[in-house]
Amino acid sequence: MSLFLKALIVGATLMLGGISAQAAESDKVVLTVSGKVTNGEAVDFTFAELEALGMSAITTSSPWETDPVTFEGVPIAALLLSVGATGETAAILALNKYRTEVPITDFTDHGVILASRKNGEPMPISDKGPLFVVYPFDDKPELNTEIYHSRSAWQVRSIIIE
Ligand SMILES: Nc1nc2c(c(=O)[nH]1)N[C@H]1C(S)=C(S)[C@@H](COP(=O)(O)O)O[C@H]1N2
Ligand SMILES: [Mo]
């Protein structure tokens, strides 16, 4: 085989590897919502599917960001509507096994979002991504308490409606 042909094959292989790595990334399930949802069937979302539900923005400071930043994500109330959630409580589980229970009324009362972007960019796991429960702390200073801080789960992976 000529050196040129070998180089061509190596090049094509690397390119295909790159493409399938990209496909794997976009096919990846980032969120599962289960429990009391339509027909009791768990619903998986890729990053793109989640964002396609429609994004809202919250600009706020927080215990984790001294200067205000803009978070964007799906309002959790809209997310729960899309899966036909009917329960009282959302158990939110994070990649690091953190678990918190949030009354579903919080989502409609306070416009809480499941942030997937910070200042326009997706958030890496090392910066509380890919999904972060964000309350509007600056707009509603009464939320600045330990109870709402504890409901602000980051690295969210799944939500169980109970
Ligand atoms: N994924 C994840 N989210 C989390 C936590 C956690 O350990 N893991 N701790 C929660 C609690 S109990 C509080 S009070 C705040 C604490 O944030 P801090 O540890 O940065 O003070 O984040 C909340 N969100
Ligand atoms: Mo806490």
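Along each chain, the written sequence defines residue order, and numbers are assigned to residues from 1. Working convention: letters from A go to chains and numbers from 1 go to ligands, in the order in which they are written. With pLDDT at 70 or above as the cut-off, local features in this predicted model cover only qualifying residues; side-chain atom pairs require 80 or more to be listed or tallied, and sums for whole chains, interfaces and linings still use all residues. The basis for the side-chain values is all heavy atoms of the structure; hydrogens and waters are excluded.

Colleague: Looking at this structure, how should I read the site of ligand 1?
Modeller: For this purpose, a residue is taken to be near a molecule or strand whenever a single non-hydrogen atom of the residue falls within 4 Å of it. The full set of residues close to ligand 1 is Trp64, Ala94, Asn96, Tyr98, Glu146, His149, Ser150, Ser152, Ala153 and Trp154. At 3.0 Å from a nitrogen atom of ligand 1 is found a main-chain nitrogen or oxygen belonging to Ser152. Values of accessible area rely on a 1.4 Å probe in the Shrake-Rupley scheme; residue burial ignores everything except the protein chains shown. Relative to its unbound accessible area of 520 Å², ligand 1 is 66% covered by the protein chains. The helix and strand labels rest on DSSP assignments: H or I over at least four residues marks a helix, E over at least two residues marks a strand, and numbering proceeds from the N terminus. Broken down by element, the shell around ligand 1 gets its largest block of residues, three residues, from helix H5 (residues 146-151). Gly counts as polar in this scheme, as do all residues outside two lists: the nonpolar Ala, Val, Leu, Ile, Met, Phe, Trp, Tyr, Cys and Pro, and the charged Asp, Glu, Lys and Arg. Residues belonging to the shell around ligand 1 are distributed by class as follows: five nonpolar, four polar and one charged. Here a polar contact is recorded for every N or O atom pair within 3.5 Å, except that within protein the pair must consist of a potential hydrogen donor and a potential acceptor, and residues adjacent in sequence are included only if both atoms are side-chain atoms.

Colleague: Looking at this structure, how should I read the pattern of salt bridges?
Modeller: Any two side chains of opposite charge can pair if their charged atoms end up close together. Whenever a carboxyl oxygen of Asp or Glu lies within 4 Å of a side-chain nitrogen of Lys or Arg, that contact is scored as a salt bridge. Tallying each qualifying case throughout the model produces six salt bridges. Note that Lys118 is salt-bridged to Glu65, the shortest N-O span being 2.8 Å. Placement of the pair is Lys118 in strand E7 (residues 113-118) and Glu65 in strand E4 (residues 65-75), with a sequence separation of 53 residues. Judged by its relative accessible area of 17%, Glu65 falls in the buried class. In this structure, the salt-bridge partner of Glu101 is Arg99, at a minimum N-O distance of 2.9 Å. When salt bridges with common partners are traced through the structure, they connect Glu65, Lys118 and Asp127 into a single cluster. Relative accessibility decides the category of a residue: with a 1.4 Å probe and only protein chains considered, values under 20% of the type maximum give buried, values over 50% give exposed, and everything between is partly exposed.

Colleague: Just to check I follow, could you spell out the side chain of Thr32 for this structure?
Modeller: Checked against the element boundaries, Thr32 lands in strand E1 (residues 29-35). For Thr32, a relative accessible area of 15% corresponds to the buried category. A polar atom in the side chain of Thr32 sits 3.0 Å from the side chain of Arg157. Only heavy atoms enter the contact rule, under which two residues are in contact if any of them lie within 4.5 Å. Excluding residues within four positions of it along the chain, Thr32 makes contact with Ala42, Val43, Asp44, Arg157, Ser158 and Ile159.

Colleague: Would you mind going over unusual backbone geometry with me for this structure?
Modeller: One can expect most non-glycine residues to show negative phi and most peptide bonds to be in trans. The omega torsion across Gly129 and Pro130 is 0 degrees, close enough to zero to call that bond cis. Of note, Pro130 is situated in the loop between strand E8 (121-122) and strand E9 (132-134). With a phi angle near 55 degrees, Asn39 is a residue other than glycine that sits in the positive phi range. Structurally, Asn39 is set in the loop between E1 and strand E2 (43-46). In this structure, Lys128 is a non-glycine residue whose phi angle is positive, near 70 degrees. In this fold, Lys128 is placed in the loop between E8 and E9.

Colleague: Just checking my understanding: could you explain the nonpolar core for this structure?
Modeller: Where a protein is soluble and globular, its nonpolar side chains tend to be buried together. In this description, a nonpolar core means a group of buried Ala, Val, Leu, Ile, Met, Phe, Trp, Tyr and Cys residues linked to one another through side-chain atoms lying within 4.5 Å. Core analysis: the biggest nonpolar cluster contains 28 residues, and Leu31, Val33, Leu79, Leu114 and Val133 have the highest contact counts within it. Every element with two or more residues in this core is listed here: E1, helix H3 (76-82), strand E5 (89-94) and strand E10 (156-161). In this structure Leu79 touches Leu31, Val33, Phe45, Leu50, Leu53, Val74, Leu114 and Ile159, once residues within four positions along its chain are discounted. Core analysis: the next-biggest nonpolar cluster, separate from the first, contains eight residues, Val69, Phe71, Met123 and Val134 among them.

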